[in-house]
Amino acid sequence: MSPAPVDLAALPIDRVLVIVAHPDDIESWCAGTVCRFTDAGKYVAYVLCTSGDKGTSDPTLTPQQVAAIREAEQKEAARILGVESVTFLHWPDSEVEPTLALRRELVRQTRKHRPDLVITHDPVPPYRLHPDHRAVGRATLDALFPCARDPLTFAEQIRDEGLQAHIVPEVWLFATEVPDIWVDIVETLLRKIAARLAHVSQHTDPQELERNWKKRAHDTGAMVGLSAAEAFKRVDLQ
Ligand SMILES: [Zn+2]
């Protein structure tokens, strides 16, 4: 079967949880799709494992100062796309590992937000990959299947925190080398770029960034006959 754009309106998805490593990961890879969901009135929540506290070339700043700047930028980017829920887990930037502690927290967030779809990093190669992206992608997949589903796993969340076990039917992995679904972002590309530009500390030339992001969306869309798209690897967890 030749690749084709996915029909979002035909999918039984009302609640979306996006789990990423750093501020600006969402805007770099899946914000056009997020905007499609918020435009359709769907619930979208973000969970960021770190606050990107090492993301500066200025040695006079402390990690705490960088984190504060980047959390504010991420909240503004979310506001532009109509996303109300942004949670920071405050793992240290560039030191994330797919530990049991992270898995437990991602199970908690999944049981809290109860998504029909989770969007996260593809944890498998390319070989040149930020270790936090690999760790968060791996930990998220491990949290969703089977841990969030099984009530005896991290049972204290159910016993003490009022949460319920939750089945996530599918996951979409971005920054993948093996995409199998494409989302049309022609209508949302400019808002995606506006949200990326809200991360003011992470770019020096807005015009260049806009050119690069438009080219990336165009190149991805060209695979399926669209003028702008984002691509994902779909993982069926049912
Ligand atoms: Zn990142």
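Refer to the structure above for everything that follows.
In this convention, every chain numbers its residues from 1, walking through the sequence in written order. Given that this is a predicted model, residues contribute local features only at a pLDDT of at least 70 and side-chain atom pairs are listed and counted only at 80 or more, while totals for whole chains, interfaces and linings are drawn from all residues. Side-chain numbers here rest on the full set of heavy atoms in the structure, without hydrogens or water.

Section: the sheet that holds strand S3 (residues 85-91)
Two strands in a sheet stick together by hydrogen bonds in their backbones, pointing the same way (parallel) or opposite ways (antiparallel). One open sheet holds the seven strands; their spatial order is S3-S2-S1-S4-S5-S7-S6, and the pairing between them is mixed. Two strands in the sheet have a free side with no partner beyond their single neighbour: S3 and strand S6 (181-184). Between one strand axis and the next, the sheet turns through 25° on average, direction left out of account. Pairing between strands requires that DSSP locate at least two bridges from one strand to the other. Secondary structure elements follow DSSP: runs of H or I no shorter than four residues count as helices, runs of E no shorter than two count as strands, and numbering proceeds from the N terminus. As judged from the four bridges shared by strand S5 (residues 170-174) and strand S7 (residues 229-236), these two strands associate in the antiparallel manner. By the bridge assignment for S7, Val171 is matched with Val235. The contact criterion used throughout is that any non-hydrogen atoms of two residues lie within 4.5 Å. Think of each axis as a best-fit line through the C-alpha atoms, taken over the contacting stretch in the case of a helix, with angles from 0 to 180 degrees between the N-to-C directions. The strands touched by helix H8 (residues 206-222) are S6 and S7; relative to S7, the strand with the most contacts, the crossing angle is about 60°.

Looking at the coordination of the zinc ion
Distances from the zinc ion to its protein donors, His22 (ND1), Asp25 (OD), Asp25 (OD) and His133 (NE2), fall at 2.0 to 2.8 Å. Any N, O or S atom lying within 2.8 Å of the metal counts as a donor, with the limit raised to 3.2 Å for Na, K and Ca; because water is left out of the atom set, some sites can appear incomplete. Four donors are marked tetrahedral only if all angles between them lie between 85 and 135 degrees, whereas four are marked square planar and six octahedral if opposite donors are more than 155 degrees apart and the other angles lie between 65 and 115; the remainder are marked irregular. Note that the zinc ion binds four donor atoms; their angles at the metal cover 51 to 126°, and the shape is irregular. If you list the donors of the zinc ion from N- to C-terminus, the spacing comes out as H-x2-D-x107-H. Each member of the pair, His22 as well as Asp25, is classed as buried. Classification of residues uses two cut-offs on accessible area relative to the type maximum, computed with a 1.4 Å probe and protein chains only: under 20% is buried, over 50% is exposed, and between them is partly exposed.

Re helix H5 (residues 131-144)
A rise of 1.5 Å per residue sets the reference length of H5, with its 14 residues, at 20 Å; its end C-alpha atoms lie 20 Å apart and thus fit the reference within 8%. Of all 14 residues in H5, ten are buried; the element is thus mostly enclosed. Three or more residues of H5 are buried, namely Asp132, His133, Ala135, Val136, Gly137, Ala139, Thr140, Leu141, Ala143 and Leu144. For H5, the elements touching its buried residues are strand S1 (15-20), helix H1 (25-29), strand S2 (43-50), helix H4 (100-113), strand S4 (117-121) and S5. Expected span of a helix: the number of residues minus one, times 1.5 Å.

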